[in-house]
Amino acid sequence: MAYIGLLSLLVVMLGLSVVLISLNWLLGPKKKESYKTYPYECGVPLYDDTAQTTFHQGYYILGLLLLLFDIEVAYLFPWAVVYSLLGVFGFLEVFLFLLILTFGLVYAWRKGALDWQFDLESL
Amino acid sequence: MGIRLLLGSTNLYELKYLLPEIVVFLGAFALFLLDIVMKSSETKKKLFLWISVLFLSLSVLSFLYKPEFFKDVFSGTYTVDTLGIFSKLFEIILTLLTLPFLHTYMTKKNTFYYEIYYITFLSLLGMMTLSSSYNLVVIYVSLEMVSVSFYIMTALFRGSFVSKEGAYKYLIIGGISIIIALYGAAFMYGASKSLDIRAIMSSYNPQNALYLIVGMILFLLAFAIKIGIIPFHFWLPDAYTGAPTPITGFMASAGKLAFFIPLLRLVPYVNQHLYSSWMISVSIMAALTMIVGNALALVQADLKRLLAYSSIAHSGYILSVLSSNSSMGLKAAIYFVFVYSIMGLGSFLVLSVLEQSDTWDNQIYKIGGLYRNTGFLSLSFAVFLFALLGIPPTVGFVGKALVFLGLAIKNIYWLGFVLILATAISTGYYVRLVMLMFTKDAEIRIKPEYDILENLSIGLLVVLTLVLGMFPFILWNGISNISEFLFRLANLR
C-alpha cells in the first residue's frame, strides 16, 4: 500500500495525456497544407529532402569544438566544489588547464575552423 | 583532509629528474606556438625542422645531468632507472634520425602539415613516460598519448584513401586494446589494492591468485595488440602501409621499443606461481607470430607491407624470449628490442627515399636492379635486410643468437626450434629482395635525391648495424647490468 500514491500518479498521468490528446484531435481545426508535412530545419529551407547527401565537414568541426568546451565545464565542476580546500595550488592547476584549452581554441581559430564561409583549400 | 596531505607530498623539486621530458615538452610547445604565429612559407618549413633538431639535441644533452641512477619520484609513480634512461636516449635519437626524412618526404609528396612535428614530439614524450614508470595509471596515460599521436600521424597523408583506412582501423583496434588494458588493470588493482606493478605482482597469495592472473594476462593481451602479435595483428599492415613512410619507421622503431618496455619491466616480477600461465600465453602467441608473420610476409607483393609483416615477425622473436623469465632471457629481449629499432628504422627510411620518385609504387619487382641506379641506397638496404634476417657480421645475428640462448637456458627448446624454422622461412623473402637488387637489370629509372642530414642518418644506422654486430659488447655490457639490476630489485621484495 506504500506505493499507492505512485500508482495514482501514473493513472492521472496517463488519463490526462489521453484526454488532452483526444480533445485536441476532436476540437482542433483540420486544414491540409504543404508546409505541415515539411521537415523542420532551423527555419531555413530544406537543403535536400532525402537527408542522404554529404554535408560540409565544417559542421563536424564546430560540433567537436562545442563538445570539447562542454567537457571542460564538466571538469570544472568538481574543482569548484573543493575550491576552498585546494587554495592557490588548485587555482594554478586549473589556470594551466584552461590556458591549454585556450591554446586549442586559438589553434582552431588560426587554422580557419571557425570561418563559416568555407574555402576548400584552407581546411 | 586527504587533499591537503596529497598536496603536501608533491615535491616540485623532483622535477629535476624529468629534465629530458621537460625539454621535449617545451619543444612541442614552442613548435605549437610558432605554428599559430607564423604564416606558411618555405622558411617556416626549414625553421620547424631545425627547431625540432635543436630541442631533440638539447634533450639528449640533458641526460648529461643525472642526479641519481635509481630513484622513485613523485610518490613512486615515476621511476628513474638505467633501463628508462637507456630507452629514452634511444627513442630521442631514433626520432632525431627520422625527422630529416619526414621533412623531405612531406615536401616531395606535397602533403606538408606542420602539426606532424609537434605531434611527433608529444608521442615521443608519451614514449618517454611509458619507458619509465611502474604505475598502472601513468602507463595508461602515456599509452594513450603515444597511440593517439600515432592515429593522427597515420591519417596525415592528404588525399590518400589507404592512409585514412589504416588510421581508422588503428583507431578502432587501438581503442579496444586500451579497454582491455584498463580491464586488466582493474583486476590487478582489485587483487592487490595497489597501482604499482611491483607491489601488485609481489602481493601474490592463494586467495587473490585468480584475479592476479586474469589481470596479468589481460594486460599482456592489450600490449600484444599494440605491438602487433599475431591473433591481434590485423590493423598493423594497413596502418603501416597507410602512414607516411618515415612515420612508419618511427612507429616500428621507437614506438615498438616504448610499447615493449612495460612488458620487460613486468618480467622479473612474474614469480613461480604465475609463471605457468605467463609462459603458456606468451609462448603460444610468440610461436604463432613467428611462423604466421613470416609466412604472410613471403606472399606479399607490396614492399611496405612486406616490411610491416617482417616487423610483426620480429615482435614474435622478442616476445618468445619473454617466456623464459630468467635474467638471460630479459637481457636477450632488451638487446633485441634495441637492435630491431635500429634495423627496422633503417629499412623503412631507405624505402621512404625510394618512394619520393614518381616511378616507384612499392611493388617488389620494381626493386630489380636498384644497384644500377643507386649504389649507396641499395647497399645500405642490403645491410638492413641481412640484419633483419640475422646474418653474422650484422647486429641481427647477435640478437637472434641471444634469443636462442635465453630460451635454451630455461630448456624451452621447442620455441627455439620454431624460431629457427621461422628464420628459415624469412630467408625466402629477404634474400629474394637482395638478389633482385643486385643481379637483375634495372627495372625503372630512379634518381633519388637526399640531403646531407638524410645521408648522415642512413649512414649512422648502417654503421651501427655493422659495428654493434662486430662488437656486440658495446651494447651488451650496459644491458647485462640493467637486467641483473632489475632482477635483484625484484628478488628484494
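Small disclaimer: the values here were computed from a predicted structure and weren't measured.

A. Here's a closer look at the overall build of chain B. Helix and strand counts for chain B come out as 20 helices and two strands. Taken against the 2.2 N^0.38 rule, which gives 23 Å for 493 residues, the C-alpha radius of gyration of chain B at 22 Å falls within 12% of a compact globule. With the principal axes as the frame, chain B shows a C-alpha extent of 70 × 60 × 40 Å. Buried residues in chain B amount to 61% of all 493 residues.

B. Region of interest: the overall build of chain A. Check the secondary structure of chain A and you find three helices and zero strands. Of the regular secondary structure in chain A, the N- to C-terminal order runs α-α-α. Relative to the globule expectation of 14 Å for 123 residues, the C-alpha radius of gyration of chain A, 25 Å, shows a markedly less compact shape. Taken along its principal axes, the extent of the C-alpha atoms in chain A is 60 × 55 × 20 Å. Split into buried and exposed, the 123 residues of chain A put 9% on the buried side. In chain A, once contacts between residues fewer than 6 apart in sequence are set aside, the share between residues at least 24 apart is 56%. Accessible area for chain A stands at about 10900 Å²; split by element, carbon and sulfur atoms hold 72% of it. Across chain A, the centroid of the 6 positively charged side chains sits 17 Å from that of the 10 negatively charged ones.

C. A look at helix 6 (residues 136–155) of chain B. Residue and element names in this part refer to chain B. Between the first and last C-alpha of helix 6 there are 29 Å, a value that for 20 residues agrees with the 28 Å anticipated at 1.5 Å per step. Those residues of helix 6 not exposed but buried are Leu136, Ile139, Ser142, Leu143, Val146, Ser147, Ser149, Phe150, Tyr151, Met153 and Thr154. If you follow the buried residues of helix 6, they end up packed against helix 5 (115–130), helix 7 (161–192), helix 8 (197–201), helix 9 (209–227), helix 10 (235–242) and helix 11 (245–266).

D. Region of the structure containing the environment of aspartate 196 of chain B. Residues and elements named next belong to chain B. Inspection of the secondary structure puts aspartate 196 in the loop between helix 7 and helix 8. A relative accessible area of 13% means that aspartate 196 is categorised as buried. It is 8.9 Å that separates the C-alpha atoms of aspartate 196 and serine 133, two residues lying 63 residues apart in sequence. Ignoring any residue separated from it by four or fewer positions in sequence, one finds aspartate 196 in contact with Gly76 and Tyr134.

E. Just the packing of aromatic side chains, in detail. For the structure on display, the rule yields 30 aromatic pairs over all chains. The interplanar angle of 90° and the centroid separation of 5.4 Å between the aromatic rings of phenylalanine 32 of chain B and tyrosine 118 of chain B together place this pair among those described as edge-to-face. Taken as a pair, phenylalanine 32 of chain B in helix 2 (residues 19–37) and tyrosine 118 of chain B in helix 5 lie far apart in primary sequence, 86 residues in all. What makes phenylalanine 32 of chain B buried here is its relative accessible area of 15%. Judged by centre distance (5.0 Å) and plane angle (35°), the rings of tyrosine 371 of chain B and phenylalanine 438 of chain B are tilted. Of this pair, tyrosine 371 of chain B sits in helix 15 (residues 370–373) while phenylalanine 438 of chain B sits in helix 18 (residues 413–439), and the two are 67 residues apart along the sequence. Using a relative accessible area of 40% as the deciding quantity, one classes tyrosine 371 of chain B as partly exposed. By way of ring pairs, the aromatic residues Phe103 and Tyr107 of chain A together with Phe25, Phe29, Phe32 and Tyr118 of chain B are connected into one cluster. The ring of phenylalanine 112 of chain B has lysine 45 of chain B sitting right over it, with the charged end atom 4.8 Å from the ring centre.

F. Highlighting the nonpolar core. All names here are of chain B. Counting 174 residues, the largest nonpolar core has Met201, Trp278 and Leu322 as the members making the most contacts within it. Among the elements that take part in this core, helix 14 (residues 327–354) stands out by supplying 20 residues, more than any other. Not counting chain neighbours up to four residues away, the residues in contact with methionine 201 comprise Met188, Leu212, Met216, Leu266, Tyr269, Val270, Asn271 and Leu274.

G. Broad picture of the interface of chain B and chain A. Contact with chain B, which involves 15 residues of that partner, is made by eleven residues of chain A. For the pair chain B and chain A, the summed buried surface comes to about 1200 Å²; carbon and sulfur atoms form 66% of the total. The salt bridge involving glutamate 115 of chain B is made with lysine 111 of chain A; its shortest N-O contact spans 3.4 Å. Between the two partners, chain B and chain A, sit four residue pairs in polar contact (both at pLDDT 80 or more). Those elements that provide at least two residues to the side of chain B that touches chain A are helix 1 (2–8), helix 2 and helix 5 of chain B. It is helix 2 of chain B that contributes the most residues to the side of chain B that touches chain A, six residues altogether. Of the residues that constitute the side of chain B that touches chain A, the class distribution is ten nonpolar, no polar and five charged.

H. Structural context of the side chain of aspartate 238 of chain B. Note that aspartate 238 of chain B resides in helix 10. With sequence-adjacent residues up to four places away left out, aspartate 238 of chain B is seen in contact with Gly166, Lys169 and Arg305 of chain B.

I. The arrangement of the packing of helix 6 of chain B against helix 7 of chain B in detail. Residues and elements named next belong to chain B. Where helix 6 meets helix 7, the axes come as close as 9 Å, and the angle between the chain directions of the two elements is 175°. Comparing the axis directions of helix 6 and helix 7 gives the class roughly antiparallel. Note on element contacts: helix 7 touches helix 6 through Ser163, Lys164, Gly166, Ala167, Tyr170, Leu171, Gly174, Gly175, Ile178, Leu182, Ala185 and Met188, opposite Leu136, Tyr140, Leu143, Glu144, Phe150, Tyr151, Thr154 and Ala155. A breakdown of the residues in the contact of helix 6 with helix 7 according to their chemical character gives 13 nonpolar, five polar and two charged.

Cut-off values and rules
Residues numbered from 1 in each chain as written. Chains lettered and ligands numbered in written order. Predicted model: local features only at pLDDT ≥ 70, side-chain atom pairs only at ≥ 80, totals over all residues. Heavy atoms only, no water. Helix = DSSP H or I, 4+ residues; strand = E, 2+ residues; numbered from the N terminus. Rg over C-alpha atoms; globule rule 2.2 N^0.38 Å. Buried < 20%, exposed > 50% of the residue type's maximum accessible area, 1.4 Å probe, protein only. Contact = heavy atoms within 4.5 Å. Areas by Shrake-Rupley, 256 points an atom, 1.4 Å probe, with all protein chains shown as cover. Lys, Arg positive; Asp, Glu negative; His and termini not counted. Charge placed at Lys NZ, Arg CZ, Asp CG, Glu CD. Expected span 1.5 Å × (residues − 1). Phe/Tyr/Trp six-rings, centres within 6.5 Å; stacked < 30°, edge-to-face > 60°. Lys NZ or Arg CZ within 6 Å of the ring centre and 35° of its normal. Core = buried A, V, L, I, M, F, W, Y, C linked by side-chain atoms within 4.5 Å. Buried area = accessible area lost by both parts, 1.4 Å probe. Salt bridge = Lys/Arg side-chain N within 4 Å of Asp/Glu carboxyl O. Polar contact = N/O pair within 3.5 Å; in protein donor to acceptor, adjacent residues only side chain to side chain. Nonpolar A, V, L, I, M, F, W, Y, C, P; charged D, E, K, R; others polar. Axes fitted to C-alpha atoms, helices over the stretch in contact; angles between N-to-C directions. Parallel < 35°, antiparallel > 145°, perpendicular 65-115°, else oblique.

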